[in-house]
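Descriptive structure summary
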Amino acid sequence: MSNPSTCYLLIAPAEEDRSSRHYSEEKCRMSNEEEVADLVIPLRSWMEIEAKKTPLMDPKSSKESIIRKTTVAYGIVELLLRSDDNDKTLEQDIFKIDNFAVHVSKKSPPEQHRQPWDDIMGISMIHPALVLSIEEPAYLDCLLEPEEKQGHWGRYLEVEQMVTSAMPEEENSPDAVAAAASGEDPKDKERNCDPRCHYSVGKLLYELFANETLPEDSSLAVGAPTSTAAATEERVPKRAKTSNLLPPHAKGEEGNLIKAELPFQIPSIVRMQQLGIPASICLMTNNLLESALSLRGNDDQSSDDAYKSLRDLTEDLHLLLLDPDRFLFEIVVQTTENVNLCYRREKLYGRDKEETLITDAFCRVSRGKSEAFFIGGFSGCGKSMLVNTVRARVNAVGGYVIKHKFDDLSRERSLFGVISALNQLCLMLKGSNTPPKVALLVKKLKDEFGADITLLARIVKNVKVLSPEFVSPAEVGGGDTMNARSVGFTLSRFMRVVSSPKHPVMLFLDDLQWADDTALDVIHTFLSDAMGSCMFFVGTYRDNEVNADHAVFHLINKLEISNVPTTKVSLTGLDQEDLNTMISDALCLYPRICTSLSAAVIQKTKGNPFFVLEFIKSLKSRDLLKYNFHQKRWTWDEDIIRAEEITDNVLHLLASKMNGLSDNVQLLLKVMACFGTRTSESVIGYLMDSVDYTGLRDGLERAMNDGFVERSRDEIFNFVHDKVREAAYDLIPDSERKQFHYNLGKVLHSICDGNDVGDTILVIATQINHGRDFILKDDELCLPIVKLNMSAGKMSIDSCRHKTAYAYLEVASSLLPNDHWESHYDISLRLGFMMASAANSSCKYNDAEMILRRILKEARCTKDKLPSYFLLSQILQAQGKVVDAYSTCSSILTQLGETIPETVEPVEAVATIRETLRKYDEVYGDDWLGKKMEDYTLRYVVRFYAQMNTSAFFFKVPHIISYFVCKAVELSLNNGVCQHTPLSLLQLANVVIRSGSNASFAHRIAKNAMTLSERFDSTDQMAELNLTFYNAVGHLECFQLGAQRLRVCFESALSSGNANIGFFCAVQSFNFSIFSGEKELGSLLKEIDYYLHLLETYKSEVSKKYTLCSRATISLLIDKGEETSIETKEYQGDISDPGNKFLDTYYCQQVFRNFWLGYDERCRHFAQKAFARIRGTYLYHIITFYYGLNLIDILKKKVNATRQKEVEEIIESMKVTVTLADSNIRNKLELLQAEMHGLGTHHQEAVALFKAAIASAKKSRFIHEQGLACERAGFYHKKMGCAQDALVYFQQAHSCYKEWGSIVKVDAIQKELDRFSSIGNDFI
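Some thoughts on the overall build of the protein chain
- When its secondary structure is counted, the protein chain shows 61 helices and 15 strands.
- Every one of the 1324 residues in the protein chain was classed for burial, and the buried ones make up 56%.
- For the protein chain, long-range pairs separated by at least 24 residues make up 72% of all intrachain contacts whose partners lie at least 6 apart in sequence.
- As displayed, the protein chain has an accessible area near 57000 Å², and 50% of this comes from carbon and sulfur atoms.

Listed below in structure tokens is the structure:
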């Protein structure tokens, strides 16, 4: 007995891609024996049983029987393909019903969830002896739920062939080698292409399905003479192709039926139809029988649909079993009008590679790394459908999918699209989470934003659905300092909280070619955020409508520079095979039959999927594609289709279709097209109430029924495709579009005027503004439209859509008359300032400055100029033009009666400080705090002084700044407090500290100022207040808390639009972190690199200089910059300039880094330079400590009375400071004292103070200074011969430095430990 071979062929689920039939999985294995446990029934007997158990008039049983027979047919054809060529396989006995048997399961009753057709377990053939077993693959339980499988008609088969007639052919036989070279299987190549075989198989299928022998049809019998064709009742006219279809007016030459109405021409096939056998089986059998025509030499009468190979037949049978509802069973229709094309609207054709790429990209994101995916391609090529393939995976992992579609009417409102998507996200977060999870999310948002949650609420209105504590924008009100960058930063903070590897967010922005750089900059901020967001961004764009300089490509470049993983794909038209599959699905017809149609379609459409669908629809509407009720299939004539003058432009195709619609539908389409791709239900509702648009209701219903418009769940009507919207917009002639928009806006304005219609006011203004030329012709109409645009601009500013606001305000300005400053002064003043604010927030600084200078020129009084002067000084300050900002403040203060001297003598400054402090001490109390500064102008004077002092800090000598600070404080002391008083008081505290005066008094002033700020709820000033507070008295507060607080202020400042203040908060937080060891150095380095990345976006060169200085220090402390440094140069500026404040930080950093690296001379050099500039501030106390240790190291080498006195003076000053700042100073004081005692003979005191210094540093969490105290204690004990104690201290120092992250110090201590190891335990 020969060894049987096994082969598996997989029938994939109907929902899967039909291309699975091309890669049937074949597994070969050998076994010695096969046990058959099934019943083997001769096929004829099985057919008789099947006929008896199928009740008449029972559609369900009939369908089940058809599927069983189709399964048997598939098995038979597979057997025929595998039969041995060495036998005389073309003998007719092999094709007899009696040559086959069916294997059925003995199991009865059926197992749970088994389908009625599951009892077919295999097919066998008597000659040659072959067996195929059929079973459901084991993995199906993982693919489908039991209830899904129970209601599923499709077959899932594995076919196992047991060959018993002969051994398999040798692998290297000549025939096998030749077959391998040709790509053919020698076992089926002959029968695969033999028409006689096809005819015989057709007869077999007829008998199988009809349960009767094929009637003798001599006209088709194999080998029959041509003359027998006359035996048919009526000679069939010559058929070019059975799939052809003439136009409705065409008739045959002899008056025969129109081709689209021709029934099957073979009597036996007509008989099959009469027996109720599905048309798909009839067509299959017809095509098999037609193969005989070519054998008679009458190729002109044969059909192009006739089978060319049995392999084609197995593929067709595979398709019938794969998706029987579509391909096997018939569509029930009565008339041509109700025959619909069966499109797979959710099916993506021909994009397997791209689908894999986007899926893989998301999988990487779900592991915690944000990523971008860009899809280019022509409109209609399937970009959105490709994106939709990953939606299910996002939902499966607990993620969220949010999207927005841009259009050509919303270019100035691009940022609104991104914000709209985040509003969707808020609703999803609320709807998909349990109350406890929502509460946890709310807590995280509070922790992240603190008081800044109001800024988020201004931007993302729906954040209030998460918690009633998150007040709405209307309740927030808010300042006008936010800008496009601050909006992006705030939104990125939001994304950090709501996105995570467990809940990634996929943001899909469609049609990026209509987006501007404002929206795309926000996307860059999201994706390049190194602080923890987890976002998958997908953007699509029409690559034929963007040039190389488009903002999309700028975004891609910036993402790549920022090391954000970015994938780019470009979609082209489908190839003919994929397009043929698409058409086959739509027509429910075998793919091999559709190839002629798909060839004509691809010629017209270039394979564009959307165009293909519309093109097929147009063929149907023009009767070039018609349903044949006799054959129950679609028919066509590809030659006529090619010859027809059919446009190859999908817009023309759609427009032609729309031109035939009713007036109401056309009106609806035109109206919606004017609003873009989306129209809110409320807007449609408003219009329906007007006389001019009463037909919209009927038009809307018909447009939805015709498939042009669909309604989403959020009360929005959408066009089904942007090409539909474009075609609808083209219904309005170019010359009439402005008027059409304008009329829409006027009607909406008349209905909504005086009512609170929310964002609809933006829609109204947008539509009316199209008719600017018409408005200018009507003087009475201009002013109301100006006010409308100002309202739209104000609403946009309140929700941080500054670029949109600027566009509305610009229109309003253009509608004012030339003499508007005289005729409409109040409106001109308010409008001008709003425009300047919007321009500033949109980063249009030049425009803002120009508008402000116009206001300063035209304003009638100084009071009206004050807001513009202040905004101008802020703009100049933000651009680094500190001298110009100072001059602007000086100019307006002079106009307000203040004396602004060019120079101030130091003596005069000191006297002014003393007088101000005396008065403060005298006035301060509840009475003064309760006295409010009522004078509007005076409040601005205080504000201008504070702003001027901020500018002066960068280039003026300290005593001039001191003078102006005192002047500002005196205004408050004399006239009462205002919201700008706290900043002036903090500046005074800074002056006192820097003058070396009473630190305790300065600390009290600073504390009082912060308390006063809480009374005014100065959240918009909080960052600047904290920055000034820690600059002044930071050494008197906990360094670690200061670092943390300043980080919060940094984020708050960037969110509120005060980027310069924010980055200086960051600079101070770095200093505090470095000097206090608050963070591990590696972590701190990553944080600084994140800030440097932001600085590249914000272009703040001054802050960058400070940040690079801190980075250099950290890099040197880690590994001397060997692995952690970056290529940059520290720029000191003019070292002779007393106004060069950067030198304060630079010298202090140099002292710190050189001390820790052991460069004593450099440390002392920079300390002496710093002392000449710095006094009283926290930097001064840091330098003093390390300078003192440096002097002690000198004294250890050589006694020097002068140096010793310097150290003693440092210790005495620290004794004073420690009473005010114990946590920051005590460990430093104790370490200096320990070292000084160690120089002498006070051993016990030295040991006690070393221990105290270690304990104090540990208590204050100064890990680096704890390590330093341990290290110095180790060297002291080593010197004193206490080796065991020294070893313990060195080990403790090693641990501290390791925790700090300084490889340099770890290595240095390790060398000391190695020396102990080399000496051995005896020494210890």
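Now, onward.
Points about the pattern of salt bridges
- In this structure the tally under the stated criterion is 68 salt bridges.
- The partner of D921 in a salt bridge is R1004, and the shortest N-O contact between them spans 3.4 Å. Here D921, found in helix α42 (residues 906-923), pairs with R1004, found in helix α47 (residues 999-1015); they are 83 residues apart in sequence, far enough to count as distant.
- Linking K1215 and E1212 is a salt bridge whose minimum nitrogen-to-oxygen distance equals 3.3 Å. One end of the pair is K1215 and the other is E1212, both in helix α56 (residues 1201-1217) and three residues apart, which spans about a single turn.
- Judged by relative accessible area, E1212 falls into the partly exposed class, the value being 45%.

Brief notes about the sheet that holds strand β15 (residues 716-719)
- Read across the open sheet, the three strands follow the order β13-β15-β14; overall the sheet is antiparallel. Because the sheet does not close on itself, it has two edges, and the strands there are β13 (678-680) and β14 (709-711). Across the sheet, the mean angle from the axis of one strand to that of its neighbour is 25°, orientation sign disregarded.
- Strand direction decides the pairing type here: β14 and β15, joined by three bridges, are antiparallel.

Here we look at the packing of aromatic side chains
- In the structure shown here, the tally under the stated rule is 51 aromatic pairs.
- With a centroid separation of 5.4 Å and an interplanar angle of 85°, the aromatic rings of Y886 and F955 are classed as edge-to-face. Of this pair, Y886 sits in helix α41 (residues 882-895) while F955 sits in the loop between α44 (936-952) and α45 (958-975), and the two are 69 residues apart along the sequence.
- Residue F955 is classed as partly exposed on the basis of its relative accessible area of 24%.
- The structure contains a cluster of three or more aromatic residues connected by ring pairs, namely F1075, F1152, F1155, W1156, F1185, Y1186, Y1297 and W1300.
- The side chain of K1141 reaches across the aromatic face of F953, ending 5.2 Å from its centre.
- The ring centre of F1185 lies 5.8 Å from the NZ or CZ of K1228, which sits over that ring.

Overview of the side chain of T567
- For T567, the location among the structural elements is in strand β10 (residues 566-571).
- Here T567 is in contact with R364, E371, A372, F373 and F374, once residues within four sequence places are set aside.

Some thoughts on unusual backbone geometry
- Following H127, the chain continues to P128 via a peptide bond in cis, the omega torsion being -5°.
- Note on placement: P128 falls in the loop between β3 (120-125) and β4 (130-135).
- Although it is not a glycine, D511 adopts a positive phi angle of roughly 60°.
- Here D511 is to be found in the loop between β8 (505-510) and α21 (517-528).
- Exposure remark for D511: the relative accessible area of 2% places this residue in the buried category.
- The backbone of C588 sits at a positive phi, close to 55°, despite the residue not being glycine.
- Positionally, C588 belongs in the loop between α23 (576-587) and α24 (591-605).

Looking at helix α52 (residues 1101-1119)
- End to end, α52 covers 27 Å across 19 residues, agreeing with the expected 27 Å (1.5 Å per residue, within 8%).
- Looking one or two places after α52, you find K1120, whose phi comes out positive at around 60°.

Digging into the environment of N1008
- Mapped onto the fold, N1008 is located in helix α47.
- Taking the C-alpha atoms as reference points, N1008 and P982, separated by 26 residues in sequence, lie 8.2 Å from one another.

Description of the side chain of S868
- Within the element layout of this structure, S868 appears in helix α40 (residues 862-878).
- Classification of S868 by relative accessible area gives buried; the value is 2%.
- The residues touching S868, leaving out its near neighbours within four places in the chain, are F833, L852, I855 and L856.

Looking at the pairing of strand β9 (residues 535-541)
- Across the seven residues of β9, seven count as buried, placing the element largely inside the fold.
- Burial along β9 is two-sided: M535, F537, G539 and Y541 facing one way and F536, V538 and T540 facing the other are all buried.
- Here six bridges tie strand β6 (residues 371-377) to β9, and the two strands are oriented parallel to one another. Along β9, the bridge assignment pairs E371 with F536.
- When β8 meets β9, the two strands line up parallel, connected through five bridges. From the neighbouring strand, F508 faces β9, where its bridge partner is V538.

Quick word on the state of the cysteines
- Tallied over the full model, the rule gives zero disulfides.
- Note on C1109: no disulfide assigned, nearest cysteine sulfur contributed by C1148 at a separation of 9.2 Å.
- Classification of C1109 by relative accessible area gives buried; the value is 1%.

Focus: the sheet that holds β9
- Spatial strand order, β7-β8-β9-β6-β10: five strands in an open sheet with parallel pairing. Each end of this open sheet is capped by a strand with a single partner; those strands are β7 (400-405) and β10. Direction aside, neighbouring strands of the sheet carry axes that sit 15° apart on average.

Re the packing of α45 against helix α46 (residues 981-994)
- Contact geometry for α45 and α46: axes closest at 9 Å, N-to-C directions at 140°. Taken as axis vectors, α45 and α46 run oblique relative to one another. Like other packed secondary-structure pairs, α45 and α46 cross with a definite hand, here left-handed. Contacts between α45 and α46 involve S962, V965, C966, A968, V969 and S972 from the former and T981, S984, L985, Q987, L988 and V991 from the latter.
- Tallied by class, residues from the contact of α45 with α46 come to seven nonpolar, five polar and no charged.

A word on the packing of α23 against α24
- Two elements in contact, α23 and α24, have axes separated by 8 Å at closest approach and are oriented at 115°. The way α23 lies across α24 gives a crossing that is right-handed. Contacts from Q576, L579, N580, I583, S584 and L587 of α23 reach α24 at P591, C594, T595, L597, S598, A599, V601, I602 and T605.
- A breakdown of the residues in the contact of α23 with α24 according to their chemical character gives nine nonpolar, six polar and no charged.

Focus: the pairing of β8
- For β8, a buried count of six out of six residues is recorded, marking the element as mostly surrounded by other parts of the structure.
- Of the two faces of β8, both are covered, the one formed by V505, L507 and L509 as well as the one formed by M506, F508 and D510.
- Since β8 and β9 lie parallel, the crossover through α21 that links them has a hand, and here it is right-handed.

Here's the deal with the environment of V683
- Within the secondary structure, V683 is located in helix α29 (residues 681-688).
- V683 gets classed as buried once you look at its relative accessible area, which sits at 2%.
- Counting along the chain gives 65 residues from V683 to L748, while the straight-line C-alpha distance between them is 8.0 Å.
- Apart from residues no more than four positions distant in its own chain, V683 is found in contact with F675, L748, T760 and V763.

Here we look at the confidence of the model for the protein chain
- Summing up the model confidence of the protein chain, the mean pLDDT is 83 and the portion of residues at 70 or higher is 84%.
- Contacts for the low-pLDDT stretch residues 109-113, under 50 throughout, to residues beyond four places or in other chains number three contacts.

Section: helix α1 (residues 43-53)
- Buried within α1 we find L43, W46, M47 and E50. For α1, the angular spread of the buried residues around the axis is 100°, confining them to a single face.

About the criteria used
- Residues numbered from 1 in each chain as written.
- Predicted model: local features only at pLDDT ≥ 70, side-chain atom pairs only at ≥ 80, totals over all residues.
- Heavy atoms only, no water.
- Helix = DSSP H or I, 4+ residues; strand = E, 2+ residues; numbered from the N terminus.
- Buried < 20%, exposed > 50% of the residue type's maximum accessible area, 1.4 Å probe, protein only.
- Contact = heavy atoms within 4.5 Å.
- Areas by Shrake-Rupley, 256 points an atom, 1.4 Å probe, with all protein chains shown as cover.
- Salt bridge = Lys/Arg side-chain N within 4 Å of Asp/Glu carboxyl O.
- Pairing = 2+ DSSP bridges.
- Axes fitted to C-alpha atoms, helices over the stretch in contact; angles between N-to-C directions.
- Phe/Tyr/Trp six-rings, centres within 6.5 Å; stacked < 30°, edge-to-face > 60°.
- Lys NZ or Arg CZ within 6 Å of the ring centre and 35° of its normal.
- Expected span 1.5 Å × (residues − 1).
- Disulfide = S-S within 2.5 Å.
- Parallel < 35°, antiparallel > 145°, perpendicular 65-115°, else oblique.
- Left-handed = near helix turned anticlockwise from the far one by under 90°.
- Nonpolar A, V, L, I, M, F, W, Y, C, P; charged D, E, K, R; others polar.
- Right-handed = clockwise from strand over helix to strand, strands pointing away.
- pLDDT = per-residue confidence, 0-100.
- Arc of directions from axis to C-beta.

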